[in-house]
Amino acid sequence: QVQLVESGGGLVQPGGPLRLSCVVSGSILSIDIMGWYRQAPGKRRELVAGITRDGETNYVDSAKGRFTISRDDAKNTMYLEMNSLKPEDTAVYSCNADVYTRPWGYRGNYWGRGTQVTVSS
């Protein structure tokens, strides 16, 4: 059993910062690639940022220069630091991860339920 729980969402003014966290728990051996996705009403889900086990990152163009993805493997936690937020960033942000699980080292893909980020005055 693996669970991903996001936190840190909420209402923020345009231009403001927000930091999201994703905690992975359960029968974890290790976590491989992780990513933050978002989905706004009427739009498809998109990958906002991804990070490999080696710390390599990638971002959707609209997030480059504003968002920073990071991970703390000692805490099984991933972060998304968002700055200069815009109304178009409003969406449900979900955590996704490939996780190797106990006891046999199986690799599976898991999702969190998501956390709402609303950028509005």
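Above this text is the structure in question.
Residues numbered from 1 in each chain as written. Predicted model: local features only at pLDDT ≥ 70, side-chain atom pairs only at ≥ 80, totals over all residues. Heavy atoms only, no water.

(A) Region of the structure containing the overall build of the protein chain. Each helix and strand in the protein chain was counted, giving zero helices and 11 strands. Taken against the 2.2 N^0.38 rule, which gives 14 Å for 121 residues, the C-alpha radius of gyration of the protein chain at 14 Å falls within 12% of a compact globule. Summarising its shape, the C-alpha atoms of the protein chain cover approximately 50 × 25 × 25 Å along the three principal directions. Looking at the protein chain as a whole, 40% of its 121 residues qualify as buried. Taking all contacts inside the protein chain whose residues are at least 6 apart in sequence as the whole, residues at least 24 apart take part in 54%. In the form shown here, the protein chain has an accessible surface area of approximately 6,600 Å², with 47% of it arising from carbon and sulfur atoms. Taking the average place of the 14 positive charges on the side chains of the protein chain and the average place of its 12 negative ones, the gap between the two points comes to 4 Å. (Helix = DSSP H or I, 4+ residues; strand = E, 2+ residues; numbered from the N terminus. Rg over C-alpha atoms; globule rule 2.2 N^0.38 Å. Buried < 20%, exposed > 50% of the residue type's maximum accessible area, 1.4 Å probe, protein only. Contact = heavy atoms within 4.5 Å. Areas by Shrake-Rupley, 256 points an atom, 1.4 Å probe, with all protein chains shown as cover. Lys, Arg positive; Asp, Glu negative; His and termini not counted. Charge placed at Lys NZ, Arg CZ, Asp CG, Glu CD.)

(B) Region of the structure containing the environment of Ala40. Position of Ala40 among the secondary structure elements: in the loop between strand E4 (28–39) and strand E5 (46–51). In the structure, Ala40 is positioned 77 residues away from Val117 in sequence and 9.7 Å away in space, judged by C-alpha atoms.

(C) Here's a closer look at the side chain of Thr77. Examined against the element boundaries, Thr77 turns out to sit in strand E8 (residues 77–82). Contact partners of Thr77, with chain neighbours within four places excluded, come to Cys22, Val23, Arg71 and Asp72.

(D) Structural detail: the state of the cysteines. The final tally for this structure, using the stated rule, is one disulfide. Disulfide pairing is shown between Cys22 and Cys95; the S-S distance is 1.9 Å. The chirality of the disulfide connecting Cys22 with Cys95 is left-handed, given an S-S dihedral of about -75 degrees. Residue Cys22 is located in strand E3 (residues 18–26), and its partner Cys95 is located in strand E9 (residues 91–101); the two are separated by 73 residues in the primary sequence. Accessibility expressed as a relative area gives 0% for Cys22, which makes it buried. (Disulfide = S-S within 2.5 Å.)

(E) Local environment of the sheet that holds E3. Taking strand neighbours across the sheet as the criterion, the four strands line up as E1-E3-E8-E7 in an open arrangement whose pairing is antiparallel. This sheet does not close on itself; its edge strands, each paired only once, are strand E1 (2–7) and strand E7 (67–72). In this sheet, adjacent strand axes meet at a mean angle of 15 degrees when their direction is disregarded. (Pairing = 2+ DSSP bridges. Axes fitted to C-alpha atoms, helices over the stretch in contact; angles between N-to-C directions.)

(F) Inspection of unusual backbone geometry at higher detail. Following Arg102, the chain continues into Pro103 via a peptide bond in cis, with omega recorded as 0 degrees. Mapped onto the secondary structure, Pro103 falls in the loop between E9 and strand E10 (106–111).

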